[in-house]
Protein chains: 2
Amino acid sequence: MKKNILIGLSGGPSTAINASMAGVIRAASASSRFNTVYGALHGIAGVLSRDIIDLSPYSSEEKLRLLIQTPAMALGSCRKKLTAADWPAIEQVFQDYDIGVFFYIGGNDSMDTVLQLDRYFKENGSGVQVIGVPKTIDNDLPVTDHTPGFGSSAKYLYHTMHEIIRDSEIYPIKNVVVVEIMGRNSGWLTLAAGLEHFMGGVYPQIVAIPEIPFDEFGFLNQVKELLKTEHTVICAVSEGIRNHNGDYVGMETKSGAVDTFGHTYLSGVGKYLELQIAEKIGCKVRSIELNVMQRCSAHLASKTDLDEAVQIGEAAVSAAEAGATGIMMVIERTSNHPYAVRIAQTDVSNVANLAKDVPECWHDLSDQSVRDEIKQYLLPLMQGELEPIRDKTGLPVFLDIRGIHSTRE
Amino acid sequence: MKKNILIGLSGGPSTAINASMAGVIRAASASSRFNTVYGALHGIAGVLSRDIIDLSPYSSEEKLRLLIQTPAMALGSCRKKLTAADWPAIEQVFQDYDIGVFFYIGGNDSMDTVLQLDRYFKENGSGVQVIGVPKTIDNDLPVTDHTPGFGSSAKYLYHTMHEIIRDSEIYPIKNVVVVEIMGRNSGWLTLAAGLEHFMGGVYPQIVAIPEIPFDEFGFLNQVKELLKTEHTVICAVSEGIRNHNGDYVGMETKSGAVDTFGHTYLSGVGKYLELQIAEKIGCKVRSIELNVMQRCSAHLASKTDLDEAVQIGEAAVSAAEAGATGIMMVIERTSNHPYAVRIAQTDVSNVANLAKDVPECWHDLSDQSVRDEIKQYLLPLMQGELEPIRDKTGLPVFLDIRGIHSTRE
């Protein structure tokens, strides 16, 4: 009995999530085991509200190529945390749509949804398979060597820091630049922003990640010390840096709003440090928030990242064909020279609600061997350029599934 | 008698200013009329302090290609406003270095330096030629059709807005995004950020430029009205928008600092409007400041822009060979289909301290014929991709003239 499949996207956007979706659509459309490929608008929330569309019109290679180069989330997203009360309703929707496999593309929180649904379906014998496909620019999912979306964001951060550095040192006056980078709990992205320094460059002289307690007094002293010999001091600072008590730095100036998963909403540690430097040191200082650009800059996507994102989506379909459920697909790095990976899988309980921090053995960022390891880890993920599909105006075009955009021209 | 030449860079950085410098170095090195090509570090300030270096080591095609793809200002910059007291000192330096022509690459303020020096040298018969080469991402220099640097920034803004739009509409909740764009007095860059809308796209629904008085009450009402039918409202707002009294919007929340040219330092109108929307409308709202990225993103440079920047530098040397002085080079657009330009020159008094606003006949941004004209104007300037020179790590490299950067690897 051929069944249908359903894809949902969840959590924050990235440059690669649509590529993973394209991989699932491509492989599922080609498979003899499945009928219609459906998509849920706005993730699991859209399943519950039955906002489900047929993705067949998007299964041609032409459309898939366009989808791969489109950033953010073509089906929209949600941040809904499931409760047991939702399970039977979801089961009913899956039954009505004759869904055999549900693919959920997301991060730590989304894998909790995969875990809950898989357990429920196993317990009540409904036979629906649930498969997680990882994505997060934060790169903080356990088991997998890295996460689709991270490589493109890392590439954006390296390039942008490289350019900000040049922009920052044009005047012969003392100045400090604080660049704030995403990463609520983990410093992977901030390491990418610091890569130029780890590779032997002068800047950014200071790299601060959440895993290492942030000593504000020590930071200001370090800036002051550096300014004695250098005109420009550049700091790459994670939005999630915390002091020795575990409190977010500059907490008092932040909104304090909490999202639906209980995470404190962060913004403005860059601005906070800018004001501290202006007050305590008194030199020219600028803060730069790389904001959503670091997660949606498709024009600077890593081809390696997008290729892997497609592969992991395709491999998820193969795993489904083999009967897997309650798993998340992972990337295993098998070699660095030359860089090579294979796609594998792990029980989703190894991932759901868990996080992978920058390892403690990397915390001494001044150690040359640590710097070399960071470089070995990051560089392959950032390689390869995309040749964007452009319209007759020469500008890149994205795929519109939800009809929210009117089309240019 | 062969003379030497001197190049100085001034004002804010751009992606194309080094390309113009490369054009001057290339043409002057090839010319039989000139000896050594010198560069002044930090513009006219470096002339006064005799921070002058021989640029011969950078005249090979290999180095020039690297210089062309390097953003910001390879010789550093200054924001010094000359006074009559500086003229004799500068003349003395030029005499000591046997300078026949001084090329000054910069914007409105820098052209004032060109004007002052040219008048002084003419009056006292020193025979030094002074030639202005235009650059400013703001595109607000008179006479020239557009300014080198603007096309690359416009391209960055179009691409980034295109991506921010996708990032902004993933959740099924009402939300507003305010994107703040550079342009102290002119809205050219903000028009580029609005281009997707002018070309028939939904977003950004609101485009606010300094040339059109900003009615804050009307703006909030417009946002409220749009939210009745749309989930996402995106606004492209110039940093320099002013109310009907001519006061900068959100003035009270800004620093009020004034730069050496008397311009009020601007930042934060995006943040100001974010807070207003949060307070008065109460929906989810985010502000994004595109900050220095919009002026230094070499990875997204327009090839057309960089090619023209090189040409205008080369043409400045030809003009010098022909004996010109007290001029600024300009770009004349001779055709749109196909796009074609020729490099010409204008008396620098037509440019110095003057600004070119977005014309009044373009102020009705809802008029389709205006939108078409904006599109015709902008699109050709943004065309063409650069193939960056990369090192063995696959990452792009920039040219370092001042020895401030240590080299990676």
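In what follows, the structure referred to is the one given above.
Residues numbered from 1 in each chain as written. Chains lettered and ligands numbered in written order. Predicted model: local features only at pLDDT ≥ 70, side-chain atom pairs only at ≥ 80, totals over all residues. Heavy atoms only, no water.

Whenever I open this one, the packing of helix H4 (residues 86-96) of chain B against helix H5 (residues 108-123) of chain B confuses me. Can you help?
Any two packed helices are characterised by how steeply their axes cross, that is the angle between the axes, and by the distance between the axes. Residues and elements named next belong to chain B. At a minimum axis distance of 11 Å, the contact between H4 and H5 shows a crossing angle of 75 degrees. Classified by the interaxial angle, the pair formed by H4 and H5 is roughly perpendicular. When H4 is examined against H5, the residues Trp-87, Pro-88, Ile-90, Glu-91 and Phe-94 are found in contact with a partner set consisting of Gln-116, Leu-117, Tyr-120 and Phe-121. For the contact of H4 with H5, the per-class residue count stands at 7 nonpolar, 1 polar and 1 charged. (Axes fitted to C-alpha atoms, helices over the stretch in contact; angles between N-to-C directions. Helix = DSSP H or I, 4+ residues; strand = E, 2+ residues; numbered from the N terminus. Parallel < 35°, antiparallel > 145°, perpendicular 65-115°, else oblique. Contact = heavy atoms within 4.5 Å. Nonpolar A, V, L, I, M, F, W, Y, C, P; charged D, E, K, R; others polar.)

I would appreciate a short explanation of the relation of the copies chain B and chain A in the present structure.
Mapping one chain copy onto the other needs a rotation about an axis and a shift along that axis. Mapping chain B onto chain A leaves a residual RMSD of 0.0 Å; the transformation is a rotation of 180 degrees accompanied by 0.0 Å of translation along its axis. Taken together, these values place the two copies in the relation of a two-fold axis. Both copies present the same face, since 100% of the interface residues in chain B are matched by interface residues at the equivalent positions in chain A. (Least-squares fit on C-alpha atoms with pLDDT ≥ 70 in both.)

Honestly, helix H3 (residues 61-68) of chain B in this entry has me stumped. Any pointers?
Because each turn of an α-helix spans 3.6 residues, side chains separated by three or four positions in sequence point in the same direction. If you check which residues of H3(B) are buried, you get Leu64(B), Leu66(B), Leu67(B) and Ile68(B). Tucked inside the fold, the buried residues of H3(B) contact helix H1 (17-30) and helix H12 (303-321) of chain B. (Buried < 20%, exposed > 50% of the residue type's maximum accessible area, 1.4 Å probe, protein only.)

What should I look at first to understand the interface of chain B and chain A in this one?
In many analyses, interface size is given as the accessible surface area lost on bringing the parts together. Listed per partner, the contact involves 67 residues of chain B and 67 residues of chain A. In total, chain B and chain A occlude about 5,700 Å² of area from one another, counting both sides; carbon and sulfur atoms represent 54% of this. Between Asp167(B) and Arg295(A) there is a salt bridge, with the nearest N and O atoms lying 2.7 Å from each other. Taken together, chain B and chain A are joined by 27 residue pairs in polar contact (both at pLDDT 80 or more). Only helix H6 (150-168), strand S9 (284-289) and helix H11 (293-296) of chain B provide two or more residues apiece to the side of chain B that touches chain A. For the side of chain B that touches chain A, a count of residues per class yields 30 nonpolar, 21 polar and 16 charged. (Buried area = accessible area lost by both parts, 1.4 Å probe. Salt bridge = Lys/Arg side-chain N within 4 Å of Asp/Glu carboxyl O. Polar contact = N/O pair within 3.5 Å; in protein donor to acceptor, adjacent residues only side chain to side chain.)

I tried to follow unusual backbone geometry on my own but got confused; where do I start?
Backbone geometry follows two general trends: most residues other than glycine have a negative phi, and most peptide bonds adopt the trans configuration. Cis geometry marks the peptide bond from Tyr203(A) to Pro204(A), where omega comes out at -10 degrees. Each neighbour pair has its own omega, and for His337(A) with Pro338(A) the value is 0 degrees, a cis peptide bond. The backbone of His42(A) shows a phi angle near 60 degrees, a positive value even though the residue is not glycine. Its place among the elements puts His42(A) in the loop between strand S2 (34-40) and helix H2 (43-48). A positive phi angle, near 45 degrees, is found at Asn291(B), a position not held by glycine. One can find Asn291(B) in the loop between S9 and H11.

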